[in-house]
Amino acid sequence: MKAMILAAGRGERMRPLTDDCPKPLLTAGGHPLIVHHLQRLRAAGIVEIVINHAHLGHLIEAALGNGARFGVRISYSAERVALETAGGIRKALPRLGTGPFMVINGDVFCDADLGAFAATPLAAGDLAHLLMVPNPAHHPDGDFALEGDRLIDTHETGTPRLTFSGIGVYRPELFSELPEGESRPLAPLLREAMRTGRARGALHAGRWFDIGTPERLAQLDALLHAERTL
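Computed from a predicted structure; not experimentally measured.

Bringing the layout of surface pockets into the picture now. What the largest pocket holds in volume is close to 970 Å³. Surrounding the largest pocket, 38 residues form its lining, Leu-6, Thr-85, Asn-105, Asp-107 and Asp-210 being those nearest its centre. Secondary structure elements with two or more residues in the lining of the largest pocket: strand 1 (3–7), helix 3 (84–96), strand 6 (101–105), strand 11 (163–170), helix 5 (187–195) and strand 13 (208–210). Per-element tally for the lining of the largest pocket: the top contributor is strand 11, with 5 residues. Across the lining of the largest pocket, the residue classes break down as 16 nonpolar, 12 polar and 10 charged.

Below, the structure written as structure tokens:
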């Protein structure tokens, strides 16, 4: 399986930290956020990795190179302007192959076993498998709900929702009909897959951080440094 790390966002809420540093290169526990992903993907045996970028993307390429020193092989999908999640994945499809692939938001931290998550096969016809987490304080209403291992959209039913972690496995068919080069969000594609019963999910009850503010970055940094001193 190949993986894609989404690293094209500007990170407006992280300013001024992101004025001269792309968000995935901000550090926590002594390593850039994106390096934590590379390490976990390598541990899971996933070594073919695509990284998209736009804002200050040359700094990402300079920092990571071809991935050899992290034990992975990196290729880059450069975007002149950020294409949002689905648009960025659509542009990178030629690099991701014909089988299911993993996608990880570059601005999250998660201790999930990515190898076990990747090893869960998509059922015939399924287009997406999302890793869900309990709702954090800054996102109390969540995104989607789980019924068994099936994901459902609950905008109308009111069923309690969980939060999408930003980690998923997808079939290329979910994106292949999108026009290349257009900015497109991911949520409408996921909701359509749920509507047709073609999306599954799993709950991760471990550690997960959405690094959306300098305060949450500082919290993660302090936690990881504290653990290294134990």
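Still to come is the rest of the account.
On to the pairing of strand 1, then. For strand 1, the tally of buried residues reaches 5 of 5 residues, placing the bulk of the element in the interior. Alternating residues of strand 1 divide into Ala-3, Ile-5 and Ala-7 and Met-4 and Leu-6, and every residue in both groups is buried. Relative to strand 4 (residues 48–53), strand 1 runs parallel, the two sharing 5 bridges. Directly across from Ala-7, in strand 4, lies its bridge partner His-53. In terms of strand pairing, strand 1 meets strand 6 through 4 bridges, oriented parallel. Within strand 6, the residue paired with Ile-5 across the bridge is Ile-104.

Bringing the packing of aromatic side chains into the picture now. Under the counting rule described, the total for this entry stands at 3 aromatic pairs. Residues Tyr-170 and Phe-175 carry aromatic rings whose centres are separated by 5.6 Å and whose planes lie at 85° to one another, so their mutual orientation is edge-to-face. The pair Tyr-170 / Phe-175 is uniform in exposure class, with both members buried. Put simply, the rings of Phe-101, Tyr-170 and Phe-175 touch in pairs and so form one group of aromatic residues.

Within the fold, Arg-95 resides in helix 3. In this view, Arg-95 contacts Lys-2, Val-50, Ser-75, Tyr-76 and Ser-77; residues no more than four positions away in its chain are not counted.

We now examine the pattern of salt bridges. Tallied over the full model, the rule gives 10 salt bridges. Between Asp-153 and Arg-191 there is a salt bridge; the shortest N-O distance is 3.3 Å. Linking Asp-153 in the loop between strand 10 (150–152) and strand 11 with Arg-191 in helix 5, this pair joins segments that are 38 residues apart in sequence. Ionic pairing is found between Arg-195 and Glu-192, a salt bridge with its closest N-O pair at 2.6 Å. Placement of the pair is Arg-195 and Glu-192 together in helix 5, with a separation of 3 residues, close to one helical turn.

It is worth spelling out the nonpolar core at this point. Leu-41, Ile-51, Leu-64 and Met-102 are the most contacted members of the largest nonpolar core, which has 42 residues in total. Looking at this core, the element that brings in the most residues is helix 1 (residues 33–43), giving 5 residues. With sequence-adjacent residues up to four places away left out, Leu-41 is seen in contact with Ala-3, Ile-5, Ile-46, Ile-49, Met-102, Ile-104 and Leu-114. Within the second largest apolar cluster, 28 residues are counted, among which are Val-50, Phe-101, Leu-127 and Leu-190.

Thresholds applied
Residues numbered from 1 in each chain as written. Predicted model: local features only at pLDDT ≥ 70, side-chain atom pairs only at ≥ 80, totals over all residues. Heavy atoms only, no water. 1 Å grid on protein atoms, 1.4 Å probe; cavity = no way out; pocket = protein on both sides within 12 Å on 5 of 7 lines; lining within 4 Å. Points joined across faces, edges and corners; volume = space filled by probe spheres on them. Helix = DSSP H or I, 4+ residues; strand = E, 2+ residues; numbered from the N terminus. Nonpolar A, V, L, I, M, F, W, Y, C, P; charged D, E, K, R; others polar. Buried < 20%, exposed > 50% of the residue type's maximum accessible area, 1.4 Å probe, protein only. Pairing = 2+ DSSP bridges. Phe/Tyr/Trp six-rings, centres within 6.5 Å; stacked < 30°, edge-to-face > 60°. Contact = heavy atoms within 4.5 Å. Salt bridge = Lys/Arg side-chain N within 4 Å of Asp/Glu carboxyl O. Core = buried A, V, L, I, M, F, W, Y, C linked by side-chain atoms within 4.5 Å.

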